[in-house]
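Structural features, examined
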Amino acid sequence: MAAMTPTSRYTDGAESPQAPQDATGAKDAKGSGAGAGAGAPARTSARRPRPGIWRGAVLALAGAYFLVPLLASFVFTVHVPGQGITFEAYTELLSADGFTESLLLSLGLAAATIALSLLLAVPALVAVRIGSPRLRPVVEVMCMLPLVVPPIALVTGITTVLRWGPEHLSRTPLYQTFIAVQNEKFPVVLVLAYTVLALPFVYRSLDAGLRAVDVPTLVEAARSCGASWPYVVLRVLLPNLRASLAGAAFLTLALVLGEFTIASLLGFQPFAVWIVSISGAQARMSVAVSILSLLITWLLLIALSRAGTTPSTTAAAPATTSRKES
């Protein structure tokens, strides 16, 4: 009976002959499924448009929007019907009456406005940030008021004050002050007016920089080490506000070089007023001067932006020397 009982060769836990095939089939199925799953994202990414193409298209459209009018203006200045290509509009600029004086006047007004606005705004904002944060809304409203008052109203008030002063203060020392601020070589009254106009932009730039820096901690650390207040402001706070100061100077420079209303109504002739004054008689030269002023403004703004993004290397010297001494 035992001989007649069939015994299986796979009774001791051995796998049946079909098991390897099933396992192999399962592995093949898994592999095919994994391959399908791995191939799906590749197909999706292949169908997806590349972001670099759209970025390049947007940049190309923006560049064409800005460069095509400049190119058309340049062609207008160098192409004269019947004469061909000529650069007389550019060669006559240096010898034009009032070009150098008006340009230097605008640059001097811009430098004085930047210095005065920063001297007014930086100590005030630092003091509010450290001593009395509750006054911040008041300072913000005062600095934002020039955005509400139009320039024509501002220049009307300035003209009224300048007329009232010499009439009522002719026998006082202030009479000479009213005369001095209206000097045509360097009108201080324009610096004061431009400072008022630039306050909103200077405030926003400096306020953003002060919010990004822990001013109380820096001041307390410097004062605990025995630093004086001028040293704290000049060597501790201002290096941390380098980008904000460059941004404020950037906006102020653009404002002063392009301002026309106040200077024209007060009777002065900076660069923007001079361009308008020659536009009627010499059209090609006025367009050439406009292109040249854009290039000068861009170069100055690039220089200011580079100055704001350049890392400071003065603060690293004490650290290296202290490490060597230790």
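Preceding this paragraph is the structure being described.
Owing to the predicted nature of the structure, the values given are computational and were not obtained by experimental measurement.

This brings us to the nonpolar core. Leu118, Leu190, Leu206 and Leu266 are the most contacted members of the largest nonpolar core, which has 51 residues in total. Mapped onto this core, the elements with two or more residues apiece are α4 (99-130), α5 (136-148), α6 (151-168), α8 (188-211), α9 (215-224), α10 (229-240), α11 (242-258) and α12 (261-266). Looking at this core, the element that brings in the most residues is α8, giving eleven residues. In contact with leucine 206, other than residues within four places in its own chain, are Leu118, Ala121, Val122, Leu125, Ser244 and Leu245. Of all hydrophobic cores here, the second largest spans twelve residues; its members include Ala89, Ile275, Met285 and Val289.

Note on placement: serine 117 falls in helix α4. Excluding anything up to four places from it in sequence, serine 117 contacts Thr195, Val202 and Thr252.

Moving on, we come to the layout of surface pockets. Considered as a void within the structure, the second largest pocket measures approximately 190 Å³ in volume. Together, Gly98, Glu101, Ser102, Leu105, Glu184, Lys185, Gly267, Phe268 and Gln269 line the second largest pocket. Here the residues of the lining of the second largest pocket are counted per class, giving two nonpolar, four polar and three charged.

On the surface, Val141, Leu145, Leu147, Val148, Val149, Phe201 and Leu251 cluster together into a nonpolar patch covering about 620 Å² of accessible area. A per-element tally of the nonpolar patch places α5 first, with four residues. Along the polypeptide, valine 141 turns up in helix α5.

In this section: the pattern of salt bridges. Per the stated rule, a full pass over the model turns up four salt bridges. As a salt-bridge pair, glutamate 140 and arginine 204 come within 3.0 Å of each other at their nearest N and O atoms. Residue glutamate 140 is located in helix α5, and its partner arginine 204 is located in helix α8; the two are separated by 64 residues in the primary sequence. Looking at arginine 204, the relative accessible area reads 44%, which means it is partly exposed. When the shortest N-O distance is used, the salt bridge between arginine 211 and aspartate 207 registers 3.0 Å. Placement of the pair is arginine 211 and aspartate 207 together in helix α8, with a separation of four residues, close to one helical turn. Classification of aspartate 207 by relative accessible area gives buried; the value is 9%. Residues joined in a network through salt bridges with shared partners are Arg136, Glu140, Arg204, Asp207 and Arg211.

Looking now at the packing of α4 against α8. Working note: a packed helix pair is described by the angle between its axes plus the distance between those axes. The interhelical angle for the contact between α4 and α8, taken along N-to-C directions, is 45 degrees, at an axis separation of 8 Å. What the angle tells us is that α4 and α8 run oblique. Two packed elements cross with a definite hand, and for α4 against α8 that hand is right-handed. Seen from α4, the contacting residues are Leu109, Ala112, Thr113, Leu116, Ser117, Leu118, Leu120, Ala121, Val122, Leu125, Val126 and Arg129; seen from α8, they are Leu190, Val191, Leu192, Tyr194, Thr195, Val202, Tyr203, Leu206, Asp207, Leu210 and Arg211. Here the contact of α4 with α8 is built from residues that sort into 17 nonpolar, three polar and three charged.

Calculation rules
- Residues numbered from 1 in each chain as written.
- Predicted model: local features only at pLDDT ≥ 70, side-chain atom pairs only at ≥ 80, totals over all residues.
- Heavy atoms only, no water.
- Core = buried A, V, L, I, M, F, W, Y, C linked by side-chain atoms within 4.5 Å.
- Buried < 20%, exposed > 50% of the residue type's maximum accessible area, 1.4 Å probe, protein only.
- Helix = DSSP H or I, 4+ residues; strand = E, 2+ residues; numbered from the N terminus.
- Contact = heavy atoms within 4.5 Å.
- 1 Å grid on protein atoms, 1.4 Å probe; cavity = no way out; pocket = protein on both sides within 12 Å on 5 of 7 lines; lining within 4 Å.
- Points joined across faces, edges and corners; volume = space filled by probe spheres on them.
- Nonpolar A, V, L, I, M, F, W, Y, C, P; charged D, E, K, R; others polar.
- Patch = residues over 30% accessible without salt bridge, like charges linked within 9 Å, V, L, I, M, F, W, Y side chains within 5 Å.
- Areas by Shrake-Rupley, 256 points an atom, 1.4 Å probe, with all protein chains shown as cover.
- Salt bridge = Lys/Arg side-chain N within 4 Å of Asp/Glu carboxyl O.
- Axes fitted to C-alpha atoms, helices over the stretch in contact; angles between N-to-C directions.
- Parallel < 35°, antiparallel > 145°, perpendicular 65-115°, else oblique.
- Left-handed = near helix turned anticlockwise from the far one by under 90°.

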